[in-house]
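# Fold and contact review
Given next are the chains, with one letter for each unit.
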Amino acid sequence: MKQVIQHLLSFTPTRIVLALALFVPFLFTVIWMTGYHNATQRLGVLKIAVVNPGRG
């Protein structure tokens, strides 16, 4: 089993995919999720409209 893993890691695409598999979730956490910082304190400036299509 160890030889199989070593053989797979000898391929460059395998290394790239493993690096991306670790980097993409980290990037998501750092960049995207930081936009939600203090979101609950800013709910007062959120404009909300209720649309009622009515009858007819």
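Relevant structure appears above.
Heads up: these notes are all about the structure in this document. (Residues numbered from 1 in each chain as written. Predicted model: local features only at pLDDT ≥ 70, side-chain atom pairs only at ≥ 80, totals over all residues. Heavy atoms only, no water.)

If you tally the helices and strands in the chain, you get 2 helices and 0 strands. Taken against the 2.2 N^0.38 rule, which gives 10 Å for 56 residues, the C-alpha radius of gyration of the chain at 23 Å runs more than 25% over that of a compact globule. With respect to the three principal axes, the spread of C-alpha positions in the chain is 70 × 35 × 20 Å. Taking all 56 residues of the chain together, the buried fraction comes to 0%. Carbon together with sulfur atoms contributes 70% to the accessible area of the chain, which is approximately 5800 Å² in total. (Helix = DSSP H or I, 4+ residues; strand = E, 2+ residues; numbered from the N terminus. Rg over C-alpha atoms; globule rule 2.2 N^0.38 Å. Buried < 20%, exposed > 50% of the residue type's maximum accessible area, 1.4 Å probe, protein only. Areas by Shrake-Rupley, 256 points an atom, 1.4 Å probe, with all protein chains shown as cover.)

This brings us to the packing of aromatic side chains. Two descriptors summarise a pair of aromatic rings, namely the distance from one centre to the other and the angle between the planes of the rings. Tallied over the entire structure, the rule returns 1 aromatic pair. A centroid spacing of 5.5 Å and a plane angle of 45° characterise the contact between F28 and W32, whose relative ring orientation is tilted. Taken together, the residues F28 and W32, both in helix α2 (residues 12-32) and 4 residues apart, mark about one turn of the helix. Since its relative accessible area comes to 54%, W32 is described here as exposed. (Phe/Tyr/Trp six-rings, centres within 6.5 Å; stacked < 30°, edge-to-face > 60°.)

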